[in-house]
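# Structure assessment
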Amino acid sequence: KDVNLQDLTMLWWSIATLELSRDHFAPESLEKLMRTCLLLVRQQATTAPSAALGSPRHKQSFLACIAWASARADLRGPAGALIAAIADAAASDRHRWSLRHRVMVAYAVVMQARYTSRTAPFLRDAYLSCLEDFRRLPPGAEDAGCDMPSPGMLILLRAALRFEAALAPWTVPEDLVAPTLAQASAVPFSESAAHKEVMISLEPLGFVGDAE
């Protein structure tokens, strides 16, 4: 059966949410699926979104979720190349990507240590842009940051930029810190309607997911 980017996004999201490992799949089946996903991602990253995928923002959301889920599930092998391809697409067109999606991709880059001359500055830019946006939030603005990234992701990005040797040329000053979890607790991690449908389907099975 032919699958599109949205199908793969929901599948990857489910794997990450259920914390499945390669042991849950037939030998080589997950790797084959990842290679198929990589091919599709490379095609979609360089083409305009189809009517089935909706707006460019929808396509970016699918790509960001695939990268996040691959890192969250700690998938290896072709998953590294998959994350790198998505990171390259985001880095080459970062001004068109939402900040939240850029941070999701940056998180995946850190989790898989996919540092290159393109992804490293992309990671740093995503982190600094987030700090600036968090500073603009008025006190007690519970709903103002509905499209903001997870504070936990920002803490991870800062740690990587501060201490990863491969990121030394792109380090950030010690006093340039991410907001504390207490300060950022009012900023929820939003999910798309499609992701919520996945969670609704999984809930009767007794699974509870965590978007961070």
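A brief report on the enclosed structure follows. (Residues numbered from 1 in each chain as written. Predicted model: local features only at pLDDT ≥ 70, side-chain atom pairs only at ≥ 80, totals over all residues. Heavy atoms only, no water.)

### Here we look at the overall build of the protein chain
Let me state the cut-off plainly: Helix numbers and strand numbers start at the N terminus; a helix is a DSSP run of H or I with at least 4 residues, a strand a run of E with at least 2. The buried label goes to any residue with under 20% of its type's maximum accessible area, the exposed label to any with over 50%, and the partly exposed label to all in between, with areas taken from a 1.4 Å probe on protein chains only. Note on areas: Shrake-Rupley with a 1.4 Å probe; residue coverage comes only from the protein chains shown.
Counting its regular elements, the protein chain contains 9 helices and 0 strands. Along the chain direction, N to C, the helices and strands of the protein chain fall in the order α-α-α-α-α-α-α-α-α. Burial status across the protein chain gives 45% buried among its 212 residues. Carbon and sulfur atoms make up 55% of the accessible area of the protein chain, which totals about 10,700 Å².

### Section: the nonpolar core
Definition in use: Among buried residues, those of type Ala, Val, Leu, Ile, Met, Phe, Trp, Tyr and Cys that are joined through side-chain atoms within 4.5 Å constitute a nonpolar core. Contacts are assigned to residue pairs with any non-hydrogen atoms lying within 4.5 Å of each other.
Residues W12, V41, I66, I86, V105 and L123 are the most contacted members of the largest nonpolar core, which totals 57 residues. For this core, the secondary-structure elements that each account for two or more residues are α1 (5–17), α2 (29–45), α3 (56–72), α4 (78–92), α5 (99–112), α6 (119–136) and α7 (151–163). Among all residues touching L123, those that are not within four sequence positions of it are A106, V109, V110, Y115, L157, L161 and L167.

### Digging into the pattern of salt bridges
The criterion, for reference: Between Lys or Arg on one side and Asp or Glu on the other, a salt bridge is scored when a side-chain nitrogen of the former is within 4 Å of a carboxyl oxygen of the latter.
Counted according to the given criterion, the structure contains 2 salt bridges. Where D93 meets R96, a salt bridge forms, and the shortest distance between an N and an O atom there is 3.4 Å. On the basis of relative accessible area, R96 is assigned to the exposed category, the value being 63%. D125 serves as the salt-bridge partner of R102, at 2.6 Å between the closest nitrogen and oxygen. Pair noted here: R102 is in helix α5 and D125 is in helix α6, with a separation of 23 residues, a long-range link. Judged by its relative accessible area of 9%, R102 falls in the buried class. On the basis of relative accessible area, D125 is assigned to the partly exposed category, the value being 21%.

### Quick word on the packing of aromatic side chains
This is how the line gets drawn: Pairing of aromatic side chains requires ring centres within 6.5 Å, counting the rings of Phe and Tyr and the six-membered ring of Trp. Pairs whose planes differ by under 30 degrees are stacked, by over 60 edge-to-face, and all others tilted.
In total, this model carries 1 aromatic pair according to the counting rule given. With a centroid separation of 4.8 Å and 35° between ring planes, the pair formed by W13 and W68 is classed as tilted. Taken together, the positions of W13 in helix α1 and W68 in helix α3 put the pair 55 residues apart, joining distant regions of the chain.

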